[in-house]
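# Summary of structural features
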Amino acid sequence: MTACEVPTKVERPVLRERGQHEVFCGLTGIVWLHRKIQDAFFLVVGSRTCAHLIQSAAGVMIFAEPRFATAILQDKDLAGLTDANEELDRVVNRLLARRPDIKLLFLVGSCPSEVIKLDLSRAALRLSKQHAGAVRVLNYSGSGIETTFTQGEDACLASMVPELPQAASTAPELLVVGSLPDVVEDQFQRLFERLSIPVRFFPPRRSTSLPSMGPGTRFLLAQPFLADTARRLEERGATRLAAPFPFGVEGTTAWFQAAARAFDVSDDRFAAAIEPAAARAKVALQGAKQRLAGKRIFFFPDSQLEVPLARFLSRELDMQLVEVGTPYLHQEHLSAELALLPPDVTVSEGQDVERQLDRCRAARPDLVVCGLGLANPLETQGLTTKWSIELVFTPVHGFDQAGDLADLFARPLVRRTRLEV
Ligand code: SF4
């Protein structure tokens, strides 16, 4: 296997737009985070709208006790006529008395709780003291004001960083940062074992086994939307390993390679550990590649996965990128990805939705990746769309998921062909 050399930095113009934008709010992250951290509970402090969003995005849990809920702020709370803190304490105490399985409680802020300036960080401190030894209470904001939906995970993980215990030694250890489906985490764990790299995952499956960290901690981001979490880890002395993200064969190889280099794994050992999985993944891409090669794709900004996915589609499936829009462009975290994009593609940050829709309609791409709100209008105008939120809910990282990831993009084109027959 040849080493995957990633150029470190390429200067490219970025189209920056600040206008009306169409995104879901950070509460959406609860949908995958409550599945990942199995002893955590997410209590949204919000309105009926927030409750409806969570309920319809996550579905109803019929067989299990739910691990998310909304403490609904009433009109009198919003008008400042009652002490919302007292009511919140009552709700939390009732919940924790009934559910001894909860070991970590997140108070999740929303637009309404922010509008009335309900201080959830003080509430979390107060409740943490009350329930010390039994339940940890943290808070973060999932509000939709000026954010996008994957920022909910970033805010959640960032709130947990101060809780990570200090490592007893300075021995190097790897931390993989970002919520991954368990099946993907298990695959990554096996590959790191073959490389003899000691690894922990953050967030963990149980809040009672938070990974320790110290000056020996090196971390790899598994998701491109974790700017605040990464900053807090760095503030605690951990070192980020720069790498593309583990999507597709090339991204996953380079991601593992960044760890292998930091932990002095020999090239031979790296090849022996990684090559079989990479070879299988290359084969798995072939079906979708036949359908996608040469097709033109346009990304609206939504999930923050746009740049790594565009790199994968262009370099491994020969798709042509028309525009790659992303809500935020973290130049440092994405520098390896940006360097791998073709030089002529338009990269845009932020959104002015009407102008972007005009560009998209004028370009008439074969496939548009966008949020739910834009998909139906674009479909009625004859464009084929893919919901970007699906890419966050589906296991798409790593070698074993590369074929599935490619198929997610091929499927809407197949569906459109069938409809036309
Ligand atoms: S947090 Fe804000 S944007 Fe999200 S559902 Fe609640 S009111 Fe709507």
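This one's a predicted model, so the numbers in the text were calculated from it and none came from an experiment. (Residues numbered from 1 in each chain as written. Predicted model: local features only at pLDDT ≥ 70, side-chain atom pairs only at ≥ 80, totals over all residues.)

Within the chain, the regular secondary structure consists of 17 helices and 14 strands. Here the chain has a C-alpha radius of gyration of 22 Å; the compact-globule value for 421 residues is 22 Å, and the two agree. Based on the C-alpha atoms only, the size of the chain along its principal axes is roughly 60 × 55 × 40 Å. A burial count over the chain gives 47% of its 421 residues as buried. The long-range share in the chain, meaning contacts at least 24 apart out of those at least 6 apart in sequence, stands at 76%. (Helix = DSSP H or I, 4+ residues; strand = E, 2+ residues; numbered from the N terminus. Rg over C-alpha atoms; globule rule 2.2 N^0.38 Å. Buried ≥ 20, exposed ≤ 12 C-beta atoms within 10 Å, placed from the backbone. Contact = placed C-beta atoms within 7 Å.)

Put simply, helix α10 (residues 248–262) and helix α11 (residues 267–292) touch, their axes get as near as 10 Å, and they point 165 degrees apart. Classified by the angle between their axes, α10 and α11 sit roughly antiparallel to one another. By crossing handedness, the relation of α10 to α11 is classed as right-handed. Residue-level contacts link V249, T253, F256, Q257 and A260 of α10 to F270, I274, A278, A281 and K282 of α11. The class makeup of the residues in the contact of α10 with α11 is 7 nonpolar, 2 polar and 1 charged. (Axes fitted to C-alpha atoms, helices over the stretch in contact; angles between N-to-C directions. Parallel < 35°, antiparallel > 145°, perpendicular 65-115°, else oblique. Left-handed = near helix turned anticlockwise from the far one by under 90°. Nonpolar A, V, L, I, M, F, W, Y, C, P; charged D, E, K, R; others polar.)

So, on to the site of the ligand. Close contacts around the ligand come from C25, L27, G46, S47, T49, C50, L53, S110, C111, G142, S143 and G144, and that covers them all. Per-element tally for the shell around the ligand: the top contributor is helix α2 (residues 48–58), with 3 residues. (Near = placed C-beta within 6 Å.)

For helix α4 (residues 84–98), spanning 15 residues, the distance from its first C-alpha to its last is 21 Å, which sits close to the expected 21 Å at 1.5 Å a residue. Of all the residues in α4, the buried ones are A84, L88 and V92. Each buried residue of α4 lies within a common arc of 65 degrees when the element is viewed along its axis, so the set occupies one face. Projecting away from the buried face of α4 at angles above 90 degrees are the exposed residues E86, R90, R94, A97 and R98. Buried positions along α4 lie against β2 (40–46), β3 (68–72), α3 (75–78), β4 (104–109) and α6 (120–130). (Expected span 1.5 Å × (residues − 1). Arc of directions from axis to C-beta.)

This part is about the sheet that holds strand β12 (residues 346–351). Taken in spatial order, the 6 strands of this open sheet run β1-β12-β11-β10-β13-β14, and their pairing is parallel. Edge positions in the sheet fall to β1 (14–18) and β14 (385–387), since each of these pairs with one other strand and no more. Averaged over neighbouring strand pairs, the angle between their axes works out to 20 degrees when direction is ignored. Direction of pairing for strand β11 (residues 320–326) relative to β12: parallel, over a ladder of 4 bridges. Directly across from E323, in β12, lies its bridge partner T346. Sheet contacts for helix α12 (residues 306–317): β10 (296–299) and β11; angle to β11, the most-contacted strand, approximately 170 degrees. Docked against the sheet, helix α15 (residues 372–380) engages β13 (367–370) and β14, running at close to 165 degrees with respect to β14. (Pairing = 2+ DSSP bridges.)

Our focus in this paragraph is the nonpolar core. One finds L43, F106 and L220 to be the most contacted residues of the largest nonpolar core, which totals 123 residues. The residues touching F106, leaving out its near neighbours within four places in the chain, are A40, F42, L43, L138, N139, Y140 and C156. (Core = buried A, V, L, I, M, F, W, Y, C linked by C-beta atoms within 7 Å.)

Domain boundaries in the chain define domain 1 (26–147), domain 2 (173–269) and domain 3 (283–420). Contributing elements (two or more residues each) for the side of domain 2 that touches domain 3: α8 (182–194), α9 (227–235) and α10. In terms of residue count, the dominant contributor to the side of domain 2 that touches domain 3 is α10 (5 residues). Here the residues of the side of domain 2 that touches domain 3 sort into 18 nonpolar, 4 polar and 1 charged. (Domains from an automatic or database assignment.)

What follows deals with α12. In an α-helix there are 3.6 residues to a turn, and that puts residues three or four apart on one side. Relative to the 16 Å expected for 12 residues at 1.5 Å per residue, α12 spans 15 Å between its end C-alpha atoms, a close match to the ideal helical length. Buried residues of α12: E306, V307, P308, L309, A310, R311, F312, L313, E316 and L317, and no others. The first or second residue beyond α12 is D318, which carries a positive phi of 60 degrees.

Moving on, we come to the environment of A254. Structurally, the position occupied by A254 is in helix α10. The spatial distance from the C-alpha of A254 to the C-alpha of A243 is 6.5 Å, given a sequence separation of 11 residues.

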